[in-house]
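Working through the structure, step by step
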Protein chains: 2
Amino acid sequence: MEYIYGENTTSFPNVAADPMTGELTSLLDINPSQLEIIRNERPATPPPPSSLTDHMLTIPWSSSAGWGQPKIVPYGPLALEPSVTVLHYAQTLFEGMKAYRDTNGKVTLFRPDMNMKRMNTSAARIALPTFDGEALLELIKALVRLDRHWIPQLPGYIGTQCALGVGPPNEALLFVICSPVGPYYATGFKPVSLYGTVEYVRAYPGGTGGYKLGANYAPGVVPQRAAAKHGYAQNLWLHGPEHHLTEVGTMNLFVVFRKGDGTLELATAPLDGMILPGVTRDSVISLAKDHASRRQVLDGLPEKFELVERPITMKEVQAAAENGSLVEMFGTGTAAIICPVNKIGYLGKDIIIPTGDGSAGLGPVSRVMLEQISGRQFGTIPSDWSVVVAE
Amino acid sequence: MEYIYGENTTSFPNVAADPMTGELTSLLDINPSQLEIIRNERPATPPPPSSLTDHMLTIPWSSSAGWGQPKIVPYGPLALEPSVTVLHYAQTLFEGMKAYRDTNGKVTLFRPDMNMKRMNTSAARIALPTFDGEALLELIKALVRLDRHWIPQLPGYIGTQCALGVGPPNEALLFVICSPVGPYYATGFKPVSLYGTVEYVRAYPGGTGGYKLGANYAPGVVPQRAAAKHGYAQNLWLHGPEHHLTEVGTMNLFVVFRKGDGTLELATAPLDGMILPGVTRDSVISLAKDHASRRQVLDGLPEKFELVERPITMKEVQAAAENGSLVEMFGTGTAAIICPVNKIGYLGKDIIIPTGDGSAGLGPVSRVMLEQISGRQFGTIPSDWSVVVAE
C-alpha cells in the first residue's frame, strides 16, 4: 500500500532478512538514522495562522516488516484505500504537542516524553503497533527544526499533531503534521461555564476514556452542541449515581477546597481508567506535590496546601459552593494550559464557582500553576520539562 | 478538497444559487438523477474471493452546499488530507449490506431501508450530515447493477460497505464499496464459545453502543484477542453489577428458555442505547412476534411460544443451564445470520449451553429462524424484505 502521492512512496529498507533464505528475521523499530528528507520546493510564506506547515513526517508500519523508513516530505494528501480500517472501525490514535520559540531564542518542546509514553499506551489498547518513543521524538525534532520558521512571534507556537492508524489490518501509518497557532485565548483568558452532563457519558469503567484514541472524541461533538444550546461553554462529564466530576470537555479538572483548618486542598479525579492522563494534569500535580512537601516551594501558594487525587462528587461541590469553602475550579490541557470555571449548570440550577479578579478569572492556585507551567514553556523558568530542538 | 485521484474529482453541480446575488439558497440532498458513472476501463476478472469489485460510489458533502454529485468511479484510493477529522477524532460511521443472486435469478438486497434508517441515526449521533435514504438506496442499486457479475455463484453474495466521514469539519464523503464474499462459514456452521467479559465494556448508558459508529469497533479488537487467549471464540459483553448479557462480539444475542408451562421464551436485550439495532435482530423479532400472535405461523416452532425484549442476567442463564430450562443461545448479524453458542466461560467456570444435533448446532428456534431469513434472502420464500435490483 502506498500512502503518499507521487514519488514520495513508503518503503521498508530496514527489514532484516536472512542472507541465505531471504526470510525476515525480525520486526524493526523506528530508525531515525534512516530518515529521508524531501524538501518542499514550493514552501508557503508568510505563514497564515492555523494553516499547516510545509512538511510532514511519515513512518509506515507493516505486520511483516515492522517500522519502515521515516520520511519528511512536503505536506500533502495521503492516498488511502477506501477499505482501510480507520474509515470503518476508527482504529486510530493521536497526540498533540507544542513547539515554542522560548525567551532565550531556543526552539523547545514541552515534556514530549510524556506524549511518547501515552501514545504507546494508546497503541496497545487499540491493537496498533508500539514503537521506540525516543526514536520518534528524534524525528519530530527533525520536523520541527525544518519548519521552525513557522513558529509565530511570541506568545505563539506551532502545534504538532501525531496520528497513528489508517491502515488495513496489517499496515499502519504514523504521521506528524504541524500548524502555527497563536495564543489559545485571542482575547485573553476567560472563565468558562459548564453544563453538568448526565445524559451522555464520555468514558466508563472498562472503556477507553483513559487512552488518547480517536474513538473518544467524535462522540463528544453532539453533547458539546447540547451544552452550547443550554447556554454553557463545555460539558462537565458526571459519572455514576453520585455524579462524580470526571473531566471538562476535553480537559482534566481540578477543584480547590478550603478545609476547616484553612488548608487549601487541590483535588482531581484519580487515573481510574476513565480519566485521560493529561500532560498538563501531571505537571500541575507534580508542582503541587513538590510545594506541599516543601521540596520546591512556589511563590503565591500558602504553606497549608495539599494535593489529593480522589473522587469528587457534585454533592460535595454544591455544599462547598454554598458554605464558602469552594475556592476555585479549573480545567487543564495542552491547548489552554489552565481554564478557570465560573459556573456549573446542574439539574436545572446554576452553581456559581468563585473566580479570581480580572477578566482571566484565575484563582489563587490556578494563577500560580499557569505562571509555573508557561514559565517553563517559554524559558523564563529553567526546567528539564523543556526539551531543546537543536538548530 | 478533492477526494478522488486523477480526474475523478468531487463536484457540487446541484448547489442552488440566487441568480441575482449568487448566494446559496439551500443545502441540497442526495440527488440520484445527477449520477455520473465513470466505467473502469481495466475491470478485474475473474473475481478473486474477498477482493473488491471494479467500481465504487462516492458522494461528497460540504456544510455550505450540502450533498454534491454522486459518482460511480473505478475503485481506487481516496486522497485525504492528513488533517481530516476521521484520522484524529474517529468521526466516521458505516453500514454493511449484502447483494444476492437469488434462486429466481434476480439480484436483491435484504431490507436495505433498515440500513438507510440506521445510517441516518448514526450520522445524527456523531454530527455528520443526514440524507435522503431512498436516494442513497437508488445509487447503491446502480452500483450493484454495474458490478453484479461479481456476485459469486450461490450461496455467495457481494458485501456492500457504506461509510460516511473522513472530512475536515465542514466536509464529508459518503462512499460505498463492494466485495464478493462466499458463505460466511466456509466449513459450514459451527457453534462458538463465549468469554463472559467484565474487564472491558463494549457500550454503556449514555455512550454510542446503539449506533453503528467506527468508534464502537476498534476498541473491541484487544478484548477479542483476550477472549481468544482464554480459549474462547468471542466476547460475551456483560454489563453492570448483575452482569446483564448485552451482545456477542459484534452480534446481537438471543436466549431461549423453556418456561414452567412448556412455553418457549425467545429473549433478547431491549434497545436501551447499549444495543445495536441489528437488521437480523429485527428480522428474528418480527418473525417471532408474527408466529406468537399466529399472524404468520412458522413450521417447526411450537404453538406455545413468546418473544420478549427484556434484560437477561448471567445468574438466570446459569440457573437455567443447571436446571435444564435453557434451550439454546445464538448470535445474529448480517455476516453470519445465525451463530449458535455452545459454551460460556464465566468467572473461571464453563457453562455448557445446549446445541442442536449436527455440526451446525442449530437448536429448535435458531434453525427455523435461519431457514426463514436465508429463504427470504435467496428468494425461496417470497418477501417484501427482499428488494430487487433492476438489471
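These numbers were taken from a predicted model, which means no experiment stands behind them.

Least-squares fitting of chain A to chain B yields an RMSD of 0.0 Å, with the superposition described by an axial translation of 0.0 Å and a rotation of 180 degrees. Here the symmetry operator amounts to a two-fold rotation axis. Taken together, the interface assignments show that 96% of the residues at the interface of chain A recur at the interface of chain B, consistent with an identical surface on both copies.

Once that is clear, we can look at the pattern of salt bridges. Across all of its chains, the model carries 26 salt bridges over all chains by this definition. A salt bridge links Arg202(A) to Glu247(A), with the nearest nitrogen and oxygen atoms 3.0 Å apart. In this pair, Arg202(A) is assigned in the loop between strand 12 (192-197) and helix 4 (221-229) and Glu247(A) in strand 14 (residues 244-248), connecting sequence segments 45 residues apart. Residue classification places Glu247(A) among the buried positions, given a relative accessible area of 2%. With a shortest N-O distance of 2.8 Å, Arg118(B) and Glu95(B) are connected by a salt bridge. Of this pair, Arg118(B) sits in helix 2 (residues 112-125) while Glu95(B) sits in strand 8 (residues 92-101), placing them 23 residues apart in sequence. Here the two residues Arg118(B) and Glu95(B) agree in accessibility, since each one is buried. Each of Arg101(A), Arg148(A) and Glu391(A) takes part in salt bridges that share partners, so that together they form one network.

This brings us to the packing of helix 5 (residues 279-292) of chain B against helix 7 (residues 364-378) of chain B. All names here are of chain B. Contact geometry for helix 5 and helix 7: axes closest at 10 Å, N-to-C directions at 115 degrees. In this view, helix 5 runs roughly perpendicular relative to helix 7, as classed from their interaxial angle. Classified by chirality, the crossing of helix 7 by helix 5 is right-handed. Contacts from Thr-280, Ser-283, Val-284, Leu-287 and Ala-288 in helix 5 reach Met-369, Gln-372, Ile-373 and Arg-376 in helix 7.

Glancing now at the packing of helix 2 (residues 112-125) of chain A against helix 3 (residues 133-146) of chain A. Residues and elements named next belong to chain A. Direction vectors running N to C along helix 2 and helix 3 enclose 125 degrees, while the axes themselves pass 9 Å from each other. Considered as vectors, helix 2 and helix 3 are oriented oblique to each other. For the pair helix 2 and helix 3, the sense of crossing is right-handed. In this structure, helix 2 uses Pro-112, Met-116, Met-119 and Asn-120 to contact helix 3, whose residues at the interface are Gly-133, Leu-136, Leu-137 and Ile-140. Among the residues forming the contact of helix 2 with helix 3, the class breakdown is 6 nonpolar, 2 polar and no charged.

Here, the residues flagged by UniProt with the feature "modified residue: N6-(pyridoxal phosphate)lysine" (unreviewed entry) are Lys212(A). By the secondary structure assignment, Lys212(A) is in the loop between strand 12 and helix 4.

Here we come to the domain arrangement of chain A. Residue and element names in this part refer to chain A. Under the domain assignment, chain A is made up of domain 1 (15-178) and domain 2 (192-377). Just the C-alpha atoms count here: the centres of domain 1 and domain 2 sit 31 Å apart. Facing 19 residues of domain 1, the contacting portion of domain 2 comprises 20 residues. Summed over both sides, the interface of domain 1 with domain 2 buries roughly 1700 Å², with 63% coming from carbon and sulfur. It is Phe-110, Arg-118 and Arg-125 in domain 1 that bury the most area against domain 2; as a group they hold 36% of the surface buried on that side. Counting every contact that joins domain 1 to domain 2 gives 1 salt bridge. Across the salt bridge formed by Asp-282 and Arg-111, the nearest N and O atoms sit 2.8 Å from each other. Summed over the shared surface of domain 1 and domain 2, the number is 9 residue pairs in polar contact (both at pLDDT 80 or more).

The next point concerns the interface of chain A and chain B. Each partner contributes to the interface: chain A provides 49 residues, whereas chain B provides 48 residues. Of the roughly 3900 Å² buried at the junction of chain A and chain B (both faces included), carbon and sulfur atoms supply 66%. The interface formed by chain A and chain B holds 14 residue pairs in polar contact (both at pLDDT 80 or more) in total. Taken together, the elements giving at least two residues each to the side of chain A that touches chain B come down to strand 7 (78-80), helix 1 (85-89), strand 8 (92-101), helix 2, strand 10 (157-165), strand 11 (171-181) and helix 4 of chain A. For the side of chain A that touches chain B, the per-class residue count stands at 34 nonpolar, 10 polar and 5 charged. With 3 bridges connecting them, strand 7 of chain A and strand 7 (residues 78-80) of chain B associate as antiparallel partners. Opposite Ala79(A), over in strand 7 of chain B, you have Ala79(B) as the bridge partner.

So, on to the packing of aromatic side chains. Throughout the structure, instances matching the rule amount to 17 aromatic pairs over all chains. Taking the centre distance of 4.9 Å and the plane angle of 75 degrees together, the rings of Phe94(A) and Tyr217(A) count as edge-to-face. Within this pair, whereas Phe94(A) is found in strand 8, its partner Tyr217(A) is found in the loop between strand 12 and helix 4, the two being separated by 123 residues in sequence. Ring geometry for Phe254(B) against Phe330(B): centres 5.4 Å apart, planes inclined by 10 degrees, an arrangement best described as stacked. Here the residue Phe254(B) occupies a position in strand 15 (residues 251-258), and Phe330(B) occupies one in strand 18 (residues 326-333), the gap between them amounting to 76 residues. Of the residues examined, Phe330(B) reaches a relative accessible area of 0% and is grouped as buried. The rings of Tyr89(A), Phe94(B) and Tyr217(B) are connected pair by pair, giving a single aromatic cluster. Above the ring of Trp385(A), the side-chain terminus of Arg111(A) is found at 4.1 Å from the ring centroid.

The rules behind each value
- Residues numbered from 1 in each chain as written.
- Chains lettered and ligands numbered in written order.
- Predicted model: local features only at pLDDT ≥ 70, side-chain atom pairs only at ≥ 80, totals over all residues.
- Heavy atoms only, no water.
- Least-squares fit on C-alpha atoms with pLDDT ≥ 70 in both.
- Contact = heavy atoms within 4.5 Å.
- Salt bridge = Lys/Arg side-chain N within 4 Å of Asp/Glu carboxyl O.
- Helix = DSSP H or I, 4+ residues; strand = E, 2+ residues; numbered from the N terminus.
- Buried < 20%, exposed > 50% of the residue type's maximum accessible area, 1.4 Å probe, protein only.
- Axes fitted to C-alpha atoms, helices over the stretch in contact; angles between N-to-C directions.
- Parallel < 35°, antiparallel > 145°, perpendicular 65-115°, else oblique.
- Left-handed = near helix turned anticlockwise from the far one by under 90°.
- Nonpolar A, V, L, I, M, F, W, Y, C, P; charged D, E, K, R; others polar.
- UniProt positions renumbered as here; feature names shortened; annotations may be inferred.
- Domains from an automatic or database assignment.
- Buried area = accessible area lost by both parts, 1.4 Å probe.
- Polar contact = N/O pair within 3.5 Å; in protein donor to acceptor, adjacent residues only side chain to side chain.
- Pairing = 2+ DSSP bridges.
- Phe/Tyr/Trp six-rings, centres within 6.5 Å; stacked < 30°, edge-to-face > 60°.
- Lys NZ or Arg CZ within 6 Å of the ring centre and 35° of its normal.

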